[in-house]
Amino acid sequence: MATIDHVLITGADGFIGSHLTELLLREGYRVRALSQYNSFNYWGWLDDIRHPNLEIVCGDVRDPDFCRTICRGVDTAFHLAALIAIPYSYVAPDSYVDTNIKGTLNMCQAARDEGLSRLLVTSTSEVYGTAQYVPIDEKHPRQPQSPYSATKIGADAIAKSFHNAFGLPVSIVRPFNTYGPRQSARAIIPTIITQIATGAEQIKVGDLTPTRDFNYAEDTARGFLAIAKSDLTVGEEVNIATGTEVSMKETLETIADLMGRPVEFVRDPERCRPSKSEVFRLCGDSTKLRNLTGWAPQVTLREGLSRTIEWFSDPENLSRYKANIYNR
């Protein structure tokens, strides 16, 4: 089993990154957490986390020298920093190449140069595109159905090449659709919850026919840690998935039921992807993760949705979101 003591998390100020930060701190690790630099001294979701073992640094993974600096003195790096909004990737694809591909290259080079014992690179189920078969295992063909997914396919290939060419002890972590407290309102679950919570009766949505394999954020974070602790995952691409799929329509009906609100779902063309870009079916196979680490999801979808609704319904949390504006 890999020995982990001092870790780096890039993208720690984001949704999954902040949950992973909290988990590692609870487990007793020293955490260096990267928040993207800004002149407001704003640390994203890290602003709410205080812990003696937490060191927050600000910068940008697009800078190779900076990546070497933040890798210095740590043994394990979790690379989550990325541009992830699919709709915005249609608008600004060049920025996705810079951050997702070049940023991953910078982290691979830094991890190699600084002699890290492990590097975990975050992928996405979007690299698979619409399922050609289910459940989707790690051998499923890659399909770049959006500029975002294309850059993540490229980032995965860069990471894998560093393992093959230089022996970098890298693992590619591929979560399916993660949801939970703090998620961006660009995602389907929080955009529905926030609209209902602010009193809307007509809820604007995109296409309700696609299916997704939803992971609760804490289960995803546990998957990252399980992969990091296993020597058997070095050089591997590993799905984090529940193996179940649910349609957007079923998901939204469950949310409305849990919130006790009769609502009407209205199709908003702005929220629909181009037809060839929509991923219509995702259902993951986590057999490799289970066999190599013993990981299994612990939170059911209904329980996870209940927790997520409770968090978003808190007035202080809800005030952070602009429910009436579509967030690309």
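Keep in mind that what you see is a predicted model, and the values were worked out from it rather than measured. (Residues numbered from 1 in each chain as written. Predicted model: local features only at pLDDT ≥ 70, side-chain atom pairs only at ≥ 80, totals over all residues. Heavy atoms only, no water.)

1. What to know about the overall build of the protein
Across its full length, the protein holds 11 helices and 13 strands. Over its C-alpha trace the protein gives a radius of gyration of 19 Å, about what one expects of a compact globule, namely 20 Å for 328 residues. By its C-alpha atoms, the protein is 55 × 45 × 40 Å across when sized along the principal axes. Of all 328 residues assigned to the protein, the portion counted as buried reaches 55%. At a minimum sequence separation of 6, the contacts of the protein that also span at least 24 residues come to 80%. Accessible surface computed for the protein: about 13900 Å², of which carbon and sulfur atoms make up 50%. Charged side chains in the protein number 35 positive and 40 negative. The centres of these two groups are separated by 2 Å. (Helix = DSSP H or I, 4+ residues; strand = E, 2+ residues; numbered from the N terminus. Rg over C-alpha atoms; globule rule 2.2 N^0.38 Å. Buried < 20%, exposed > 50% of the residue type's maximum accessible area, 1.4 Å probe, protein only. Contact = heavy atoms within 4.5 Å. Areas by Shrake-Rupley, 256 points an atom, 1.4 Å probe, with all protein chains shown as cover. Lys, Arg positive; Asp, Glu negative; His and termini not counted. Charge placed at Lys NZ, Arg CZ, Asp CG, Glu CD.)

2. Topic: the packing of helix 1 (residues 15-26) against helix 7 (residues 217-229)
Axis angle and axis distance: for two packed helices, these are the angle between their axes and the distance between the axes, and together they describe the pair. Packing of helix 1 against helix 7 leaves a shortest axis separation of 9 Å and a crossing angle of 65°. For the pair helix 1 and helix 7, the crossing hand works out as right-handed. Of the residues in helix 7, those touching helix 1 at F15, I16, H19, L20, L23 and L24 are A217, T220, A221, R222, F224 and L225. (Axes fitted to C-alpha atoms, helices over the stretch in contact; angles between N-to-C directions. Left-handed = near helix turned anticlockwise from the far one by under 90°.)

3. Regarding the sheet that holds strand 5 (residues 118-122)
Hydrogen bonds along the backbone pair up the strands of a sheet, which may run parallel or antiparallel. With respect to topology, seven strands assemble into an open sheet ordered 3-2-1-4-5-6-11, the strand pairing being parallel. Looking at the sheet topology across the chains shown, the edges are occupied by strand 3 (54-59) and strand 11 (237-240). Across the sheet, the mean angle separating the axes of adjacent strands is 20° when strand polarity is ignored. The pairing of strand 6 (residues 170-175) with strand 11 spans four bridges and is classified as parallel. Opposite P175, over in strand 11, you have I240 as the bridge partner. Running at roughly 145° to strand 5, helix 7 makes contact with strand 4 (76-79), strand 5, strand 6 and strand 11 of the sheet. (Pairing = 2+ DSSP bridges.)

4. A closer look at unusual backbone geometry
Backbone torsion omega between V134 and P135 reads -10°, so that peptide bond is classified as cis. In this structure, P135 sits in the loop between strand 5 and helix 5 (147-166). The phi torsion at N41 lies on the positive side, around 60°, for a residue other than glycine. With respect to the helices and strands, N41 occurs in the loop between strand 2 (30-36) and strand 3. Among the residues examined, N41 registers a relative accessible area of 54% and is labelled exposed. Unlike most non-glycine residues, R182 shows phi in positive territory, near 85°.

5. Examining the pairing of strand 2
Of all seven residues making up strand 2, five are buried, and the element is well covered by its neighbours. Of the strand pairs in this sheet, strand 1 (residues 6-10) and strand 2 are connected by four bridges, and their pairing is parallel. Residue pairing in the sheet places I9 in a bridge with A33 of strand 2. Handedness of the crossover joining strand 1 and strand 2 through helix 1 is recorded here as right-handed. In this structure, strand 2 lies alongside strand 3, joined through six bridges in parallel fashion. Bridge pairing in strand 3 links L34 to V57. (Right-handed = clockwise from strand over helix to strand, strands pointing away.)

6. So, the packing of aromatic side chains
Tallied over the full model, the rule gives 10 aromatic pairs. With 5.6 Å between their ring centres and 70° between their planes, W45 and W311 make a pair best called edge-to-face. Of this pair, W45 sits in the loop between strand 2 and strand 3 while W311 is found in helix 10 (residues 301-313), placing the two residues 266 residues apart along the sequence. The buried category is assigned to W311, whose relative accessible area is 17%. On the numbers, 6.2 Å between centres and 50° between planes, the contact of Y88 with Y96 is tilted. With a relative accessible area of 37%, Y88 lands in the partly exposed category. (Phe/Tyr/Trp six-rings, centres within 6.5 Å; stacked < 30°, edge-to-face > 60°.)

7. Some words on the nonpolar core
If you look at the biggest cluster of nonpolar residues, it comprises 31 residues, and the most contacted ones within it are I9, L20, L24, V31, F78 and F224. Elements with a minimum of two residues in this core: strand 1, helix 1, strand 2, helix 7 and strand 11. The dominant element in this core, judged by the number of residues it contributes, is helix 7, at seven residues. With residues near it in sequence (within four places) discarded, L20 still touches I9, F78, L80, A221 and F224. (Core = buried A, V, L, I, M, F, W, Y, C linked by side-chain atoms within 4.5 Å.)

8. Considering the environment of P135
The exposure class of P135 is partly exposed, given its relative accessible area of 38%. Ignoring any residue separated from it by four or fewer positions in sequence, one finds P135 in contact with C283, G284 and D285.

9. Some points on helix 2 (residues 64-71)
Turning to helix 2, its buried residues are F66, C67, I70 and C71. All buried residues of helix 2 project into a common sector of 135° when viewed along the axis, lining one side. Tucked into the core, helix 2 has its buried residues touching strand 1, strand 2, strand 3 and helix 4 (93-113). For helix 2, the N-terminal cap is D63; the gap from its side-chain oxygen to the backbone nitrogen of D65 is 3.0 Å. Of the residues flanking the end of helix 2, it is G73, one or two places downstream, whose phi is positive at about 90°. (Arc of directions from axis to C-beta. Polar contact = N/O pair within 3.5 Å; in protein donor to acceptor, adjacent residues only side chain to side chain.)

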